[in-house]
Amino acid sequence: MHILLVEDDSAVAASSLDGLTALGFTVEHVTTGGAALAAVGSPRPPDVVLLDLGLPDMDGQEVCRRIRSGSETPIIVVSARGDEADRVIALELGADDYLVKPFGMRELAARIRAVLRRTQAPPLTAVPTAAVQEIGRLSIDRRAQRVHVDDEEVALTAKEFDVLAYLAEDPGAVRRRTEILEHVWEGHWYGATKTVDAHVAAIRKKLGDPAWIEAVRGVGFRLGSP
Ligand code: CA
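Residues numbered from 1 in each chain as written. Predicted model: local features only at pLDDT ≥ 70, side-chain atom pairs only at ≥ 80, totals over all residues. Heavy atoms only, no water.

(A) Representation of the coordination of the calcium ion. Looking at the calcium ion, the protein donor atoms are Asp8 (OD), Asp52 (OD) and Gly54 (O), and they sit 2.2 to 2.3 Å from it. Mapping the donors of the calcium ion onto the primary sequence gives the spacing D-x43-D-x1-G. Residue Asp8 is found in the loop between β1 (2-6) and α1 (10-22), and its partner Asp52 is found in strand β3 (residues 48-52); the two are separated by 44 residues along the sequence. (Donors = N, O, S within 2.8 Å, 3.2 Å for Na, K, Ca; no water. Helix = DSSP H or I, 4+ residues; strand = E, 2+ residues; numbered from the N terminus.)

Below, the structure is given as structure tokens:
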């Protein structure tokens, strides 16, 4: 397992390196965003990126965005900034998890393993994955992760697709924001329910009609049919 540690603080880097190596991970350590982007774009990219947000050459959020624009490599943001706004931003830029400093090595290792399980395992949904689900004019192909309205393909991000597919598991049923967070982001974003609203807004816009996803005041969202 090849981990890219992006961290400019030498004390934090040294303890992470020692701990992860002792747990059997192979760790490559870089101290800048530029070096991180080069490593992710190299012929042998890492399996997981541990990304500090405060870097000397560019903001970690920008690094996250750039990695995600060209790769699906899992990213765990590791930061001293623990407030909700930072978590939401990192999440929306495509980070897979968020760990606030200071953290224990066992927690870090558990998060790494969880991210790898999520990204390498088949989807957890019990809905038949081979079938294309048709809901009115909407079709959802879980195997190919493609969505069409009528015959027009709708370009959703991976998380937007997951939110829509989750609502579509039981069309018309209301899902709470916390249920959506737990299902799509596996609970590591507890409290960051605003991000669900942001994803729903993006999906509605891309589907071309807000009525596809109805807000149920004070509860959550359900798949509608315009
Ligand atoms: Ca730093």
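(B) Spatial organisation of the environment of Gly224. Here Gly224 is to be found in the segment after β12 (220-223). Distance from Gly224 to Gly172, taken between C-alpha atoms, is 6.1 Å for residues 52 residues apart in sequence. Not counting chain neighbours up to four residues away, the residues in contact with Gly224 comprise Ala211, Trp212, Ile213 and Glu214. (Contact = heavy atoms within 4.5 Å.)

(C) Structural detail: the sheet that holds strand β7 (residues 138-141). Strand order in this open sheet of 4 strands is β6-β7-β8-β9, and the pairing throughout is antiparallel. The sheet is open, and its two edges are formed by β6 (132-135) and β9 (152-154), each paired on a single side. Taken over all neighbouring pairs, the strand axes of this sheet differ in orientation by 25° on average, direction set aside. Taken together, the 3 bridges between strand β8 (residues 146-149) and β9 define a ladder with antiparallel strand orientation. Counted as the bridge partner of Val149 is Glu152 from β9. Strand contacts of helix α6 (residues 158-168): β6, β7 and β8, with the helix running at about 110° to β7, the strand carrying the most contacts. (Pairing = 2+ DSSP bridges. Axes fitted to C-alpha atoms, helices over the stretch in contact; angles between N-to-C directions.)

(D) Up close: the pairing of β6. Residues Gln133 and Ile135 line the buried face of β6, whereas the alternating positions Val132 and Glu134 sit on a face that is not buried. The pairing of β6 with β7 spans 4 bridges and is classified as antiparallel. Within β7, the position partnered with Ile135 by the bridge is Leu138. The hairpin formed by β6 and β7 contains 2 residues between the paired strands, and Gly136 there has a positive phi angle of roughly 60°. (Buried < 20%, exposed > 50% of the residue type's maximum accessible area, 1.4 Å probe, protein only.)

(E) Highlighting the pattern of salt bridges. One pass over the structure, following the stated rule, counts 13 salt bridges. The closest approach of N and O atoms between Arg137 and Asp150, which form a salt bridge, is 3.2 Å. Of this pair, Arg137 sits in the loop between β6 and β7 while Asp150 sits in the loop between β8 and β9, and the two are 13 residues apart along the sequence. Salt-bridge contacts for Arg177 lead to Asp197; the nearest nitrogen and oxygen are separated by 2.8 Å. Residue Arg177 is located in helix α7 (residues 177-185), and its partner Asp197 is located in helix α8 (residues 194-207); the two are separated by 20 residues in the primary sequence. Within the structure, one salt-bridge network assembled from shared partners comprises Glu7, Asp52 and Lys101. (Salt bridge = Lys/Arg side-chain N within 4 Å of Asp/Glu carboxyl O.)

(F) Region of interest: α1. Taking 1.5 Å per residue as the helical rise, α1 with its 13 residues ought to reach 18 Å, and the 18 Å between its terminal C-alpha atoms agrees with that figure. For α1, the set of buried residues is Ala13, Ser16, Gly19 and Leu20. For α1, the angular spread of buried residues about the axis comes to 140°, placing them on one side. Opposite the packed face of α1, turned more than 90 degrees from it, sit the exposed residues Ser10, Ala11, Asp18 and Ala22. Those residues of α1 that are buried are in contact with β1, β2 (26-30), β3 and α5 (105-120). The backbone nitrogen of Ala11 has a side-chain oxygen 2.9 Å away, supplied by the residue at the start of α1, namely Asp9. In the stretch just after α1, Gly24 is the one whose phi turns positive, near 100°. (Expected span 1.5 Å × (residues − 1). Arc of directions from axis to C-beta. Polar contact = N/O pair within 3.5 Å; in protein donor to acceptor, adjacent residues only side chain to side chain.)

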